[in-house]
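# Architecture at a glance
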Amino acid sequence: MAFGTVNGAVLAALRSAMDQGDLLTHEDDLRHYGHDETEDLVHPPEVVVRPRSTEEVSRIVKVCAQHNIPITPIGGRTGLSGGALSIHGGVGLALDRMDRIEHIDERNLQVTVQPGVITQVLMDTVAEKGLYYAPDPSSKGSCTIGGNLAENAGGPRAVKYGVTRDFVLNLEVVLANGEVIWTGASTLKNATGYDLTRLVVGSEGTLGIITKAVLRLIPLPKASRLMLVPFNSPERACEAVSAVFQAGITPSALEFMERDAIDFTLQHVEGINLQIPDAVQAHLLIEVDGQHEDVLMRECETILGVMEAHECGEVLFAETSAEKDALWKLRRNVAVAVKAHTVYKEEDTVVPRYALPRLLAGVKAIGQAHGFRSICYGHAGDGNLHINIIKEGLSDDYWKNGLPNAIREIFELTVSLGGTLSGEHGIGLVQRPYMDIAFDQNQLGLMRGIKTLFDPQGILNPGKVLP
Ligand SMILES: Cc1cc2nc3c(=O)[nH]c(=O)nc-3n(C[C@H](O)[C@H](O)[C@H](O)COP(=O)(O)OP(=O)(O)OC[C@H]3O[C@@H](n4cnc5c(N)ncnc54)[C@H](O)[C@@H]3O)c2cc1C
């Protein structure tokens, strides 16, 4: 792939493409926008542009198309698959200045937002009106709606409410030639032609730049109950997960954490007071929510019965909102805590939830055979297990040349169990070499065809997703 470079003429054209947005070329700025949360990877763009409007994005893309310059869309840079890294240099298109919540439509339960809105800000803003935007990645305090859309982000509440894609009605997208389209209609139902909206969601910035989104809202649940359930056996904890649903309950969150995940987090995060008996090897964090306390109490009783049947230890109920916050802080900080401890590689495997115990046991067996330690946790209710392979004392040579074989084995196991490579973090840069495990040549050929149709020059986030 021979791309143009960002020379003086390109810089001048980019400057004149913007009325209010800014353009950054200082080395520190390029480095800042050149990394996300994926391992310790850094790939700076040659220039960062920070537009403020769709019109500016359109003009920037036209300049890039004319000069054959690669464009990497950049959101909150919390990605875990390297999607926002400018691996071919070019333009880093930071959407952080496009952060307006444009309209909350309370009659239709819809909200129109720009892509740079921080997810937590959107959730808090609509909550003030008694409304709920449910997709809640654990990074919600720093990730953006644009990044969530591009990755089809999930989060703890996806198990009951669905992932980002389930909350999208319509998208404004700047195409690779700079033209602006809407992908569909802002209606709850739509059976009109191919579904471009669902195609763009999860396309990781490789098909177009999302500049506006119309999102669905639901009424805010009035009450919730949260419990932390210890187990001496991680496999028994995983077995209890599908039994909850078989008992007729759909929790609003059902999270799994191995002992190591909690220990790392307790060391890293202050203000959580939790004594864990030595024998405990895993926890489930289970939340139910809804409009009526009495219904939630009955659901908790049913869940308790299921947990006891799977030999759980003493269940801790969060009685106050401070206790709830502390337990959620524990869960949401696992990734950050592991990263603070050591370099790690994160795999975002997902299987049908009944296969979760077999996935966990298989991952541990692969780790033992290859000599690495993994810390497993994740959205167990969705069958979504995050596997953090930690570097600790492993040699650089093994990390670079040996570990990919073990990761391949993990993905082969995942696919053999009916699962796939990524539940919510996307393929990006780092999972790209494994796509052949999930798809055959026919499927990959169709995807390549779609990419070429949307982006004939291949300038949109090149080097991502497709092998
Ligand atoms: C501590 C931690 C916890 C996490 N927990 C979760 C979780 O629970 N669930 C989950 O799903 N993920 C989780 N993640 C991963 C990450 O937060 C998500 O993938 C998130 O959606 C990325 O959003 P972002 O704004 O940071 O995007 P970035 O990382 O900046 O970009 C991600 C991708 O989106 C593209 N992109 C960004 N904006 C646009 C746009 N406007 N148009 C087109 N493409 C665009 C980029 O090119 C890139 O390919 C977690 C990450 C961390 C660090």
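From a predicted model like this one, the values you see are computed outputs, not experimental measurements. (Residues numbered from 1 in each chain as written. Predicted model: local features only at pLDDT ≥ 70, side-chain atom pairs only at ≥ 80, totals over all residues.)

Below, the discussion takes up the overall build of the protein chain. A count of helices and strands for the protein chain gives 16 helices and 18 strands. The C-alpha radius of gyration of the protein chain comes to 22 Å, within 12% of the 23 Å expected for a compact globule of 467 residues. Dimensions of the protein chain, computed from C-alpha atoms along their principal axes, come out at roughly 70 × 60 × 45 Å. Contacts spanning at least 24 positions in sequence make up 74% of the contacts within the protein chain whose residues lie at least 6 apart. (Helix = DSSP H or I, 4+ residues; strand = E, 2+ residues; numbered from the N terminus. Rg over C-alpha atoms; globule rule 2.2 N^0.38 Å. Contact = placed C-beta atoms within 7 Å.)

Moving on, we get to the domain arrangement of the protein chain. For the protein chain, the assigned domains are domain 1 (8-97), domain 2 (103-219), domain 3 (223-335) and domain 4 (342-441). For domain 2 and domain 4, the distance between their C-alpha centres works out to 28 Å. Every contact between the two is made by nine residues of domain 2 and, on the other side, ten residues of domain 4. Looking at the side of domain 2 that touches domain 4 residue by residue, the class counts come to five nonpolar, two polar and two charged. (Domains from an automatic or database assignment. Nonpolar A, V, L, I, M, F, W, Y, C, P; charged D, E, K, R; others polar.)

It is worth spelling out the site of the ligand at this point. Close contacts around the ligand come from 38 residues, with Gly75, Gly79, Gly83, Gly146 and Gly147 the closest. Listed by contribution, the elements that provide at least two residues to the shell around the ligand are strand 3 (71-74), helix 5 (145-151), strand 10 (209-216) and helix 12 (334-341). When residues of the shell around the ligand are assigned to their parent elements, the largest contribution, five residues, is made by helix 5. (Near = placed C-beta within 6 Å.)

Here the focus is unusual backbone geometry. Most peptide bonds take the trans configuration, and most residues that are not glycine carry a negative phi. Here the phi dihedral of Glu39 falls at roughly 40°; this positive angle occurs in a residue that is not glycine. Tracing the chain through its elements places Glu39 in the loop between helix 2 (27-32) and strand 2 (47-50). In this structure, Glu392 takes a positive phi of about 35° despite not being glycine. Given 11 C-beta atoms within 10 Å, Glu392 falls into the exposed group. (Buried ≥ 20, exposed ≤ 12 C-beta atoms within 10 Å, placed from the backbone.)

The next subject is the pairing of strand 13 (residues 253-258). Burial analysis of strand 13 places six of its six residues in the buried class, which makes it a mostly covered element. By the alternation rule, side chains of strand 13 split into Ala253, Glu255 and Met257 and Leu254, Phe256 and Glu258, which are all buried. Direction of pairing for strand 13 relative to strand 14 (residues 282-290): antiparallel, over a ladder of six bridges. Looking across to strand 14, one finds that Ala253 is bridged to Glu287. By the bridge criterion, two bridges tie strand 13 to strand 17 (residues 373-379) in an arrangement that is antiparallel. Bridging from a neighbouring strand, Met257 pairs with Tyr377 of strand 17. (Pairing = 2+ DSSP bridges.)

Here the focus is the nonpolar core. If you look at the biggest cluster of nonpolar residues, it comprises 115 residues, and the most contacted ones within it are Ile60, Val91, Leu93, Ala213, Leu215, Leu284 and Leu356. Aside from chain neighbours lying at most four places away, what touches Ala213 is Val113, Pro115, Ile145, Leu149, Val168 and Leu171. (Core = buried A, V, L, I, M, F, W, Y, C linked by C-beta atoms within 7 Å.)

What follows is about helix 11 (residues 321-332). Under the 1.5 Å per step criterion, the end-to-end length of helix 11 is 16 Å for twelve residues, consistent within 8% with the ideal 16 Å. Looking at helix 11, one finds that the buried residues are Leu327, Leu330, Arg331 and Arg332. Contact partners of the buried residues in helix 11: strand 12 (223-231), strand 13, helix 9 (259-268), strand 14 and helix 12. (Expected span 1.5 Å × (residues − 1).)

Turning next to the sheet that holds strand 5 (residues 101-105). Strand order in the open sheet formed by five strands is 5-6-10-8-9, and the pairing between neighbours is antiparallel. Of all the strands in the sheet, the pair left with one neighbour each is strand 5 and strand 9 (180-182). When strand polarity is set aside, the average angle formed by the axes of neighbouring strands in this sheet is 10°. (Axes fitted to C-alpha atoms, helices over the stretch in contact; angles between N-to-C directions.)

The seven strands lie next to each other as 15-12-14-13-17-18-16, forming an open sheet whose pairing is antiparallel. In the strand order of this sheet, the two ends are held by strand 15 (316-317) and strand 16 (344-350), each with one partner. Judged from the seven bridges that link them, strand 16 and strand 18 (residues 384-390) form a sheet pairing that is antiparallel. Within strand 18, the position partnered with Glu346 by the bridge is Asn388.

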